[in-house]
Amino acid sequence: MSKQWLTSEQLATWVRLTAVVELLPAALDSQLRRDAGLTHFEYMVLAMLSEAPERTLRMTALAARTNATLPRLSHVVRRLEDRGLVERFPCPQDGRATNARLTEAGWQKVTASAPGHVDNVRHHVFEVLSPEQVAQLAGITDAILDRLDPDDVMTAPCRRPTT
């Protein structure tokens, strides 16, 4: 266990990063609830399915891409099923596994919700950054994700282009 404390600059940066990590999801959630009747997590489930081949993923893969436990994901998918946005069915390749698929109504919901969500992301993140800062943020997040998600489980649908 390390006994080395953070430098004052590292501590100030860490506190600010923690504030972003805590405040940004609430800002995104608030807009989606108000404008689309979805939580941010529900939107992420729909978005991950919308990006998948045939708009279908195994529940385990969907859990990995949304960083959710299977019980939490199952509960949320059940709510989305009740609204006609998602359907579950046995995986044809493995009868022990369950797939989730975005319905046509789910596709319409995510595509109708996306413009407001994108506007909100732009407002809270990209409009306050210069193009150079966006490039720096990309590099910073890549470096951190190399440690936290080396297999690109959460970011697989949006791999960064290589230069």
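In this convention, every chain numbers its residues from 1, walking through the sequence in written order. Side-chain atom pairs in this predicted model are given and counted only at pLDDT of 80 or more, local residue features only at pLDDT of at least 70, and totals for whole chains, interfaces and linings cover all residues. Neither water nor hydrogens contribute to the side-chain values; these are computed over all heavy atoms in the structure.

> Let's hear about the overall build of the protein chain: which residues, and what values?
Along its length, the protein chain carries six helices and three strands. The order of α-helices and β-strands along the protein chain, N terminus first, is α-α-β-α-α-β-β-α-α. Dimensions of the protein chain, computed from C-alpha atoms along their principal axes, come out at roughly 55 × 40 × 35 Å. Exposure categories follow from relative accessible area, calculated using a 1.4 Å probe and restricted to protein chains: below 20% of the type maximum is buried, above 50% is exposed, and the middle band is partly exposed. A burial count over the protein chain gives 29% of its 163 residues as buried. Across the protein chain, every contact between residues at least 6 apart in sequence was considered, and the portion connecting residues at least 24 apart equals 53%. For this count, His and the chain ends are skipped, Lys and Arg are scored as positive, and Asp and Glu as negative. Taken as the charge centre is NZ of Lys, CZ of Arg, CG of Asp or CD of Glu, depending on the residue. Charge-centre separation for the protein chain: the mean point of 19 positive side chains lies 5 Å from the mean point of 20 negative side chains. The helix count covers DSSP runs of H or I at least four residues long, the strand count covers runs of E at least two residues long, and both are numbered beginning at the N terminus. Throughout, a residue-residue contact means that at least one pair of heavy atoms, one from each residue, lies within 4.5 Å.

> Please give an account of the sheet that holds strand 1 (residues 56-58) that cites residues and values.
Spatially, three strands are ordered 1-3-2 in an open sheet, and the strand pairing comes out antiparallel. On the outer flanks of this sheet lie strand 1 and strand 2 (86-91), each paired with one strand and no other. Taken pair by pair, the neighbouring strands of this sheet meet at an average axis angle of 30 degrees, ignoring direction. Note: strand 2 against strand 3 (residues 94-102), six bridges, orientation antiparallel. From the neighbouring strand, Cys91 faces strand 3, where its bridge partner is Asp94. Seen against the sheet, helix 3 (residues 59-66) touches strand 1, strand 2 and strand 3 and runs at an angle of roughly 95 degrees to strand 1. The criterion for strand pairing is that DSSP finds at least two bridges linking the strands in question. Angular values range over 0 to 180 degrees, each being the angle between N-to-C directions of two axes fitted as lines to C-alpha atoms, with helices fitted over their stretch in contact.

> Any chance you could break down the environment of Ala52 for me, citing the residues and the numbers?
Within the secondary structure, Ala52 sits in the loop between helix 2 (40-51) and strand 1. Those residues within four positions of Ala52 in sequence are excluded, and the remaining contacts are Leu57 and Arg65.

> Break down the packing of aromatic side chains for me, with residues and values.
The geometry of an aromatic ring pair is captured by the separation of the ring centres together with the interplanar angle, meaning the angle of the planes. Stacked, tilted and edge-to-face are the three classes assigned to paired rings of Phe, Tyr and Trp, where Trp is represented by its six-membered ring and a pair needs centres within 6.5 Å; plane angles under 30 degrees give stacked, over 60 edge-to-face, the rest tilted. Considering all chains together, one arrives at zero aromatic pairs under this definition. A positively charged side chain is recorded as over a ring if its NZ (Lys) or CZ (Arg) lies within 6 Å of the ring centre. The angle to the ring normal must also be within 35 degrees. Here Arg55 stacks its cationic end above the ring of Trp107, 3.7 Å away from the centre of that ring. Taking the ring centre of Phe41 as reference, the NZ or CZ of Arg72 above it sits at 3.8 Å.

> A description of the packing of helix 3 against helix 4 (residues 70-82) should follow, citing residues and the corresponding values.
Helix-helix packing is characterised by the crossing angle of the two axes and by the distance between the axes. It is the contact of helix 3 with helix 4, at a shortest axis distance of 10 Å, that shows an interaxial angle of 100 degrees. Between helix 3 and helix 4, the crossing angle belongs to the class labelled roughly perpendicular. Between helix 3 and helix 4, the residues in contact are Met59, Thr60, Leu62, Ala63 and Thr66 and Leu70, Leu73, Ser74 and Val77, respectively. Working rule for angles: under 35 degrees goes down as roughly parallel, over 145 as roughly antiparallel, 65 to 115 as roughly perpendicular, anything else as oblique.

> Any chance you could break down the pattern of salt bridges for me, citing the residues and the numbers?
When charged atoms on two side chains of opposite charge get close, those side chains can pair. The salt bridge criterion pairs a side-chain nitrogen of Lys or Arg with a carboxyl oxygen of Asp or Glu, the two atoms within 4 Å. Applying the stated criterion across every chain yields a total of nine salt bridges. With a shortest N-O distance of 3.0 Å, Asp35 and Arg34 are connected by a salt bridge. Relative accessible area serves as the criterion here: at 59%, Arg34 is assigned to the exposed category.

> Before we move on, could you go through a nonpolar patch on the surface and cite the residues and values that matter?
A surface patch of nonpolar side chains, amounting to about 1100 Å² of accessible area, comprises Leu6, Leu11, Trp14, Val15, Leu17, Val21, Phe126, Leu137, Ile140, Ile144, Leu145 and Leu148. Counting residues per element, the ones that place at least two in the nonpolar patch are helix 1 (8-36) and helix 6 (131-148). Within the secondary structure, Trp14 is located in helix 1. Like-charged residues are merged into a patch within 9 Å and nonpolar side chains (Val, Leu, Ile, Met, Phe, Trp, Tyr) within 5 Å, provided each residue has over 30% relative accessible area and no salt bridge. Accessibility throughout is a Shrake-Rupley quantity obtained with a 1.4 Å probe, and a residue counts as covered only by protein chains that appear here.

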